[in-house]
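# Examination of the molecular architecture
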Amino acid sequence: MAHTAGLTVFAVVMTERHLDEAVAARLGRAGADKVLSCEGRGLAAPPLDLTHGPALYAAVERIPPLLVLFPAGGAGPQLGPGLASRLGGAYAASADLELGEAATPLADGIGRVFVRRWRADRTSYRRLDPVELERPVVAILPAGGPPGDRGSSEVDVEVITCVPPAKVGVVEVASEVDTLAVAALASVLIVVDPALGPSALAKLSAAAPAGIAVVDAVAGAPAIATAIPRVVIAVGRASAVCGTPRSRVGAVLAAAAPRPQKGAADVLLRVPAGAPADADKMIDELAASLPALAAATGAGAAP
Amino acid sequence: MNIVACLHAPPPDPDGTGLGRDDIHALAQALALAEATSGQVTALLAGTSHESGPLQRALVAGAARAVRLGGEDYASVDFHTLGQALASGIKRIGADLVVAGARSDDEGLGAVPASAARHLGFAYIGNVEELAAAGPRAIEVVVRGGGRKRRLRVDLPAVIAIVPATSGLPPASDRTGNPSEVELLTLNDPETTVVRRRTELLGKPEPASRGTEEVKAASELIAALTR
């Protein structure tokens, strides 16, 4: 989209030591025109505004950009709000990009990129125009699967040496693998109400192809809060319907369950009233449909 | 430990909690921490007198004070302005720790706490799911990111944005929320003039054309979602 609009794409990488050439080449093939490598002690750790915010701001000041985009499942939720605040720009925690026509014609070969930001209740959206705002827009994009090859592995790398803040005020006490990390990266998220019992979660998890994450609505709440999938299917009570503003949201609810709030779900499937076997049958049918869902959305496709 | 819990007045919803999207979790974490540290929680909201419901709810739940930041129409301001206004109020109240719901504003941005932190000069940690005391001038938080679930010790003062965890709002104490107990704080002196930004005003909201389509089978559900 940026190349269509005649814009330049900078990839910003945080690293503790010299950036691996293979990483730079991969970013080039994914479409980056230039790589800014922020190198400094502690920058290889998971990002926090305290530790990484100043380095990111230093990189962004070099450009300066119209748009700062974070990928889903990345550093956006930690670094995006602080960066937008420092830049005095707009922020979109869950956004789509649009290529559109400017109200006034721009130079040949230059289009206009808009950011579409939905309200949390999905009732409306704002179209933010960074050119009109005269301030950058910081946004987190939805999960979209592996990138294709759109550029060249021959890419310029500019190194920015970052001095760590004199006093950070944060120390890591413990760390473990995040078992819910897959939900933050998934382009399709299935949220299962635990009231349905463990077998529903187990069946759907077993049937889910790569790129589709299945999580418990309660135990997975922290990851669901930060996930930006393209498709969400909530299975269970209406209260489990928790799609992000920009997602296509499906709900599979019992016949007697209250209808989701207006606009909360795009597609509703009611489990027929009757024996519990009907609910089990619906879960089985949904599980059997997941490969088709993965194929249709491109979830987990090979790069 | 003085803890300020920043709340947001959500749109009217008869089935809702009366609190912003993640505020119920922020308030629960703040109250639990205050109890563990013999501290106190002050609930703070920027809005009109008609929007003070969350403050009354906080008093019922156990907050020691509830303060409404008035004198301005905050309904249409952007997160920069709201963060600056809240920071001005927090400076007047005094705080070691500020907690807020990560996605409690109507657009679910989660940027107000970061803006408040910048104006306060406090450290900012986003997407915190657990909060615990770690001595008189520090807390421990649990955050996810980079494929890790980490427990961090954070020096105070700090602003923490809370995401849902499994904890809910503690049972209400035996006190009752008296609306007259909500204090009014106005930012009407020159030193606390709020600078209005126009960052968001040019992006006008557009109506969504979303309805709910009912289907009869799982295969139809998949087809409709990917159409």
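Residues numbered from 1 in each chain as written. Chains lettered and ligands numbered in written order. Predicted model: local features only at pLDDT ≥ 70, side-chain atom pairs only at ≥ 80, totals over all residues.

The subject of this paragraph is the overall build of chain A. A tally of helices and strands in chain A yields eight helices and 15 strands. Per-residue burial for chain A yields a buried fraction of 49% across its 303 residues. Taking all contacts inside chain A whose residues are at least 6 apart in sequence as the whole, residues at least 24 apart take part in 67%. (Helix = DSSP H or I, 4+ residues; strand = E, 2+ residues; numbered from the N terminus. Buried ≥ 20, exposed ≤ 12 C-beta atoms within 10 Å, placed from the backbone. Contact = placed C-beta atoms within 7 Å.)

This part covers the nonpolar core. In terms of nonpolar packing, the biggest core is built from 163 residues, with Ala183(A), Ala5(B), Leu44(B), Leu86(B), Val98(B) and Ile160(B) touching the most fellow members. Among the elements that line this core, the one with the most residues is helix H1 (residues 23–37) of chain B, at eight residues. Viewed by domain, this core spans two of them, domain 1 (10–161) and domain 2 (181–297) of chain A, each represented by three or more residues. Every residue in contact with Ala5(B), bar those within four places of it in the chain, is listed here: Ala26(B), Leu27(B), Ala30(B), Val41(B), Ala43(B), Leu44(B), Ala58(B), Ala63(B) and Val99(B). (Core = buried A, V, L, I, M, F, W, Y, C linked by C-beta atoms within 7 Å. Domains from an automatic or database assignment.)

Residue and element names in this part refer to chain A. According to the domain assignment, chain A contains domain 1 (10–161) and domain 2 (181–297). Each partner contributes to the interface: domain 1 provides 17 residues, whereas domain 2 provides 14 residues. Looking at the side of domain 1 that touches domain 2 residue by residue, the classes come out as eight nonpolar, five polar and four charged. (Nonpolar A, V, L, I, M, F, W, Y, C, P; charged D, E, K, R; others polar.)

Remark: a regular strand shows side chains that alternate across the two faces of the sheet. All names here are of chain A. Pairing of strand S1 (residues 10–15) with strand S2 (residues 34–39), which is carried by six bridges, proceeds in the parallel orientation. Considered in S2, the bridge of valine 12 is made with leucine 36. For the crossover from S1 across helix H1 (residues 21–29) to S2, the handedness is right-handed. (Pairing = 2+ DSSP bridges. Right-handed = clockwise from strand over helix to strand, strands pointing away.)

We now examine the sheet that holds strand S15 (residues 267–271) of chain A. In spatial order, the strands read S12(A)-S11(A)-S13(A)-S14(A)-S15(A)-S11(B); together these six strands make up an open sheet with parallel pairing. Every other strand in the sheet has two partners, leaving strand S12 (212–216) of chain A together with strand S11 (213–215) of chain B as the edge strands with one partner each. Averaged over neighbouring strand pairs, the angle between their axes works out to 20° when direction is ignored. Direction of pairing for S15(A) relative to S11(B): parallel, over a ladder of three bridges. The residue bridging Leu269(A) from the neighbouring strand is Val215(B), located in S11(B). Strands strand S13 (231–235), strand S14 (248–254) and S15 of chain A together with S11 of chain B of the sheet are contacted by helix H5 (residues 218–225) of chain B, whose axis makes an angle of about 170° with S15(A). (Axes fitted to C-alpha atoms, helices over the stretch in contact; angles between N-to-C directions.)

Time to look at the sheet that holds strand S1 (residues 2–7) of chain B. Across the sheet, 10 strands lie side by side as S10(A)-S7(B)-S6(B)-S5(B)-S8(B)-S4(B)-S1(B)-S2(B)-S3(B)-S9(B); this open sheet has mixed pairing. Where the open sheet ends on each side, the last strands, each with one partner, are strand S10 (170–177) of chain A together with strand S9 (182–186) of chain B. For this sheet the average axis-to-axis angle between neighbouring strands, irrespective of direction, equals 35°. Two elements, S1(B) and strand S4 (residues 97–101) of chain B, share four bridges in a ladder whose sense is parallel. Bridge pairing links Val4(B) to Val98(B) in S4(B).

All names here are of chain B. Of all residues in chain B, 81% have pLDDT values of 70 or greater, and the mean over the chain is 84. Highest mean pLDDT in chain B belongs to S1 (96); lowest belongs to strand S10 (residues 205–207) (62). For this predicted complex, the interface confidence score (ipTM) comes to 0.86, while the overall pTM stands at 0.86. (pLDDT = per-residue confidence, 0-100.)

On to the packing of helix H3 (residues 79–93) of chain B against helix H4 (residues 112–120) of chain B. Residue and element names in this part refer to chain B. At a closest axis distance of 7 Å, the pairing of H3 and H4 adopts a crossing angle of 50°. In terms of orientation, H3 and H4 fall into the oblique class. Note that H3 runs across H4; the crossing there is right-handed. Residues Phe79, His80, Leu82, Gly83, Gln84, Leu86, Ala87, Ile90 and Lys91 of H3 form the contact with H4, whose participating residues are Val112, Ser115, Ala116, His119 and Leu120. Residues belonging to the contact of H3 with H4 are distributed by class as follows: eight nonpolar, five polar and one charged. (Parallel < 35°, antiparallel > 145°, perpendicular 65-115°, else oblique. Left-handed = near helix turned anticlockwise from the far one by under 90°.)

Below, the discussion takes up unusual backbone geometry. In this model, Leu156(B) is joined to Pro157(B) through a cis peptide bond whose omega is 10°. Mapping Pro157(B) onto the fold places it in the loop between strand S7 (148–155) and strand S8 (158–162). One non-glycine residue with positive phi stands out, namely Glu134(A), at about 60°. Locating Glu134(A) in the fold gives a position in the loop between helix H4 (130–133) and strand S8 (137–140).

A few words on the packing of helix H3 (residues 76–87) of chain A against H4(B). At their nearest, the axes of H3(A) and H4(B) sit 8 Å apart, and the two run at 55° to each other. Overall, the two elements H3(A) and H4(B) adopt an arrangement that is oblique. For H3(A) against H4(B), the interelement crossing comes out right-handed. Each of Pro81(A), Gly82(A), Ser85(A) and Arg86(A) in H3(A) lies in contact with H4(B), whose residues at this interface are Ala114(B), Ser115(B) and Arg118(B). When the residues that make up the contact of H3(A) with H4(B) are grouped by side-chain class, the tally is two nonpolar, three polar and two charged.

Here the focus is the interface of chain B and chain A. Every contact between the two is made by 61 residues of chain B and, on the other side, 68 residues of chain A. Elements with a minimum of two residues in the side of chain B that touches chain A: H3, H4, strand S5 (123–133), strand S6 (138–145), S7, S10, S11 and H5 of chain B. Here the side of chain B that touches chain A gets eight residues from one element, more than from any other, and that element is S7(B). Grouping the constituent residues of the side of chain B that touches chain A by class yields 24 nonpolar, 16 polar and 21 charged. Direction of pairing for S10(A) relative to S7(B): antiparallel, over a ladder of seven bridges. Its bridge partner lying in S7(B), Val170(A) is registered against Val154(B).

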